[in-house]
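Spelled out, the chains give:
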Amino acid sequence: MALCSLLTHILLFTCTSAHNDVFTSIGHMTDLLFTEKDLVTSLKDYIRAEENKLEQIKKWADKLDVLSAAATQDPEGFLGHPVNAFKLMKRLNTEWGELESLVLTDMSDVFISNLTIQRQHFPNDDDQIGAAKALMRLLDTYQLDTNTISTGQLPGASSDALHRSVLTVDDCYDLGKVAYSEADYYHTELWMVQALKQLDQGEPSSTVDAVTILDYLSYSVYQQGELERALVFTKRLLELDPTHQRANGNLKYFEYQLAKVARSDQTGETEGRQRKGRPDDYLPERRKYEQLCRGEGIRMTPRRQSRLFCRYYDNNRHPKYVIGPVKQEDEWDRPRIVRYHNIVSDKEMEKVKELAKPRLRRATISNPVTGVLETAHYRISKSAWLGAFEHPVVDKINQRIEDITGLDVTTAEDLQVANYGVGGQYEPHFDFGRKDEPDAFEELGTGNRIATWLLYMSDVQAGGATVFTDIGASVWPKKGTAVFWYNLHPSGEGDYQTRHAACPVLVGNKWVSNKWIHERGQEFRRRCGVQETD
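Below or above, wherever it landed, is the structure these notes cover. Not measured: the values here are computed from a predicted model.

So, the sheet that holds strand 4 (residues 361–362)
Reasoning step 1: Read from one edge of the open sheet, nine strands run 1-2-3-14-10-17-8-7-4, paired in antiparallel fashion. Of all strands in the sheet, those with a lone pairing partner are strand 1 (310–313) and strand 4, marking the two edges.
Reasoning step 2: Judged from the four bridges that link them, strand 8 (residues 415–420) and strand 17 (residues 511–518) form a sheet pairing that is antiparallel. Across the sheet, Ala418 pairs through a bridge with Val512, a residue of strand 17.
Reasoning step 3: Together, strand 7 (381–386), strand 8 and strand 17 form the strand contacts of helix 2 (residues 26–71), whose direction differs from that of strand 8 by roughly 55 degrees.

In structure tokens, the structure reads:
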């Protein structure tokens with residue numbers, strides 16, 4: 001009995017852990033659509049069962065209505081007929097009991113049972129908050145306005161109404177509340193203004209009214225230093241609800257503060273609050289990163305551009321590519337970034353996705369202080385590792401990487417497959433271990449990451465670029481192509497110009513796979529340099 005209990009606990013834990021952080025993988029979220037479809041089918045079955053039950057009760061009631069109307073006109077005459085007397089006894093003793101049983105029959109058992117089973121796969125509060133923050137991230141990165149997102153008219157999105165959804169007043173209000181709970185008053189204001197706008201346009205709401213929205217609005221703009229607007233929102237609130245206790249208190253406070261600011265202006269003092277706008281950011285290169293994600297600020301001069309070429313590449317007459325060379329395109333010159341076209345077939349990519357999907361887990365980063373792997377809010381994706389022994393396709397891809405790059409992949413890490421979630425991204429980072437991370441890859445015993453091979457396994461309708469923030473380069477996803485660059489100089493020193501990021505996915509489903517090639521085994525394949533930056 002104890003063993004059964006333990007096995008049940010393990011199975012439930014495995015099932016639950018596999019579905020953590022659902023919002024970080026579109027691939028896992030697609031399963032939820034089919035789960036929801038099954039639940040809708042089950043719900044319709046329940047509705048039909050309830051309708052059949054009510055139809056039976058209605059027929060019974062209609063029949064008795066006619067009978068009792070006739071019987072009560074002449075009760076003695078009606079009961080004088082022995083058959084009528086018998087049927088009255090039978091109805092009250094038996095048939096009304098059967099009707100009671102029918103009324104008490106619970107038709108929801110099957111639906112509730114199905115719902116309970118499927119609920120373990122449902123997203124939780126963290127997923128909903130994560131998806132809400134993703135919308136705010138997309139808003140900022142791609143300089144969208146709340147109305148664009150609310151109407152679903154995103155750049156690159158399909159015009160097909162089937163794929164386009166809109167945000168209701170309640171949705172916008174919930175987004176504002178998520179921002180408010182994080183003390184992010186900038187986004188609180190944006191989404192509460194959008195909720196109020198839609199409410200003013202006559203859109204109904206089942207959960208929120210203008211008074212509640214104005215209450216949030218007045219406080220959020222006050223926190224950003226806009227006393228005049230805070231006062232305007234408070235006055236409008238009091239027009240709708242003159243007895244609102246907090247608003248009445250705020251009205252006096254805002255008027256007092258504005259009078260104080262006015263006196264300060266007259267005396268030449270500048271004590272007033274300044275508008276904060278977007279919250280302070282921990283990432284110093286945020287502006288540059290977001291510009292590159294939008295395709296702006298790319299630092300490639302026409303003269304340098306003229307030196308970038310496309311060519312057929314056979315890696316010094318490699319036997320496999322002499323007759324059928326691969327298409328190689330220069331993406332950047334310093335550091336050199338190249339793209340290989342049509343390098344993996346659709347069939348191979350689908351097999352890699354099929355192998356990886358059941359094993360996708362929230363992507364982690366290595367803590368630079370402790371070395372422990374942990375999840376991070378700036379890496380929104382799920383990943384899985386595939387070894388060459390697991391399927392011939394993985395082995396073939398590994399061999400292809402070695403043949404094309406000329407580097408030994410036997411000391412490389414397993415193929416990492418990643419699927420990005422809602423607004424999925426990986427903010428600027430280095431692939432190699434820096435000098436302040438001496439133990440980054442010590443346990444592997446294969447040295448530092450000398451090079452990165454990044455294979456795009458899907459097209460992305462909008463967003464999702466790979467950007468190099470130090471050099472101002474943007475590389476856009478193209479299915480079946482792979483991008484390659486060296487992370488280390490020939491001297492073995494890290495190339496800090498390779499700092500890069502995966503931009504938030506605006507529209508689409510982004511699948512990639514990475515092969516991180518290590519130093520060991522490359523001693524006779526890539527010549528060492530004498531100078532640090534050689």
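There is more to say after this.
Comments concerning the pattern of salt bridges
Reasoning step 1: Going through the model one piece at a time under the given rule, you end up with 29 salt bridges.
Reasoning step 2: In this structure, the salt-bridge partner of Lys479 is Asp346, at a minimum N-O distance of 4.0 Å. Taken together, the residues span a long stretch of sequence, with Lys479 in the loop between strand 13 (473–475) and strand 14 (482–486) and Asp346 in helix 15 (residues 346–356) at a distance of 133 residues.
Reasoning step 3: Residue Lys479 is classed as partly exposed on the basis of its relative accessible area of 29%.
Reasoning step 4: Residue Asp346 is classed as partly exposed on the basis of its relative accessible area, which comes to 48%.
Reasoning step 5: Between Glu493 and Lys435 there is a salt bridge; the shortest N-O distance is 3.4 Å. Separated by 58 residues along the polypeptide, Glu493 in the loop between strand 14 and strand 15 (500–502) and Lys435 in the loop between strand 9 (426–429) and strand 10 (449–456) bring together distant segments of the chain.
Reasoning step 6: What makes Glu493 partly exposed here is its relative accessible area of 26%.
Reasoning step 7: A relative accessible area of 63% places Lys435 in the exposed class.
Reasoning step 8: A network of salt bridges, in which partner residues are shared, links Glu189, Glu226 and Arg229.

Observations regarding the packing of helix 6 (residues 125–141) against helix 8 (residues 169–181)
Reasoning step 1: At a minimum axis separation of 10 Å, helix 6 and helix 8 run at an interaxial angle of 95 degrees. Regarding the angle of helix 6 to helix 8, the classification is roughly perpendicular. Between helix 6, through Ile129, Ala132, Lys133, Leu135 and Met136, and helix 8, the contact on the second element is made entirely by Leu175, Val178 and Ala179.
Reasoning step 2: Residue composition of the contact of helix 6 with helix 8, grouped by class: seven nonpolar, no polar and one charged.

Comments concerning the sheet that holds strand 9
Reasoning step 1: Taken in spatial order, the four strands line up as 9-15-12-13 in an open sheet, and their pairing is antiparallel. Of all strands in the sheet, those with a lone pairing partner are strand 9 and strand 13, marking the two edges. On average, each strand axis in the sheet is tilted by 15 degrees relative to the strand beside it, whichever way the strands run.
Reasoning step 2: Across two bridges, strand 9 lies against strand 15 in antiparallel orientation. Among the inter-strand pairings, Tyr426 is bridged to a residue of strand 15, identified as Ala502.
Reasoning step 3: Against the sheet, helix 13 (residues 286–293) contacts strand 9, strand 12 (466–468), strand 13 and strand 15, and its axis sits at roughly 135 degrees relative to strand 12.

Focus: helix 16 (residues 392–405)
Reasoning step 1: Taking 1.5 Å as the rise per residue, helix 16 with 14 residues should run 20 Å; its terminal C-alpha atoms sit 20 Å apart, in good agreement.
Reasoning step 2: In terms of burial, helix 16 is largely enclosed, as 10 of its 14 residues are buried.
Reasoning step 3: What helix 16 keeps buried is the set Val393, Val394, Ile397, Asn398, Arg400, Ile401, Glu402, Asp403, Ile404 and Thr405.

Regarding helix 11 (residues 227–240)
Reasoning step 1: A rise of 1.5 Å per residue sets the reference length of helix 11, with its 14 residues, at 20 Å; its end C-alpha atoms lie 20 Å apart and thus fit the reference within 8%.
Reasoning step 2: Taken residue by residue, helix 11 has Leu227, Ala230, Leu231, Phe233, Thr234, Leu237 and Leu238 as its buried positions. Around the axis of helix 11, the buried residues are gathered within 165 degrees of arc, so they sit on the same side. Opposite its buried face, helix 11 presents the exposed residues Glu228, Val232 and Glu239, each directed more than 90 degrees away.

Calculation criteria
Residues numbered from 1 in each chain as written. Predicted model: local features only at pLDDT ≥ 70, side-chain atom pairs only at ≥ 80, totals over all residues. Heavy atoms only, no water. Pairing = 2+ DSSP bridges. Helix = DSSP H or I, 4+ residues; strand = E, 2+ residues; numbered from the N terminus. Contact = heavy atoms within 4.5 Å. Axes fitted to C-alpha atoms, helices over the stretch in contact; angles between N-to-C directions. Salt bridge = Lys/Arg side-chain N within 4 Å of Asp/Glu carboxyl O. Buried < 20%, exposed > 50% of the residue type's maximum accessible area, 1.4 Å probe, protein only. Parallel < 35°, antiparallel > 145°, perpendicular 65-115°, else oblique. Nonpolar A, V, L, I, M, F, W, Y, C, P; charged D, E, K, R; others polar. Expected span 1.5 Å × (residues − 1). Arc of directions from axis to C-beta.

Purely geometric stuff here, so don't read any function into it on its own.
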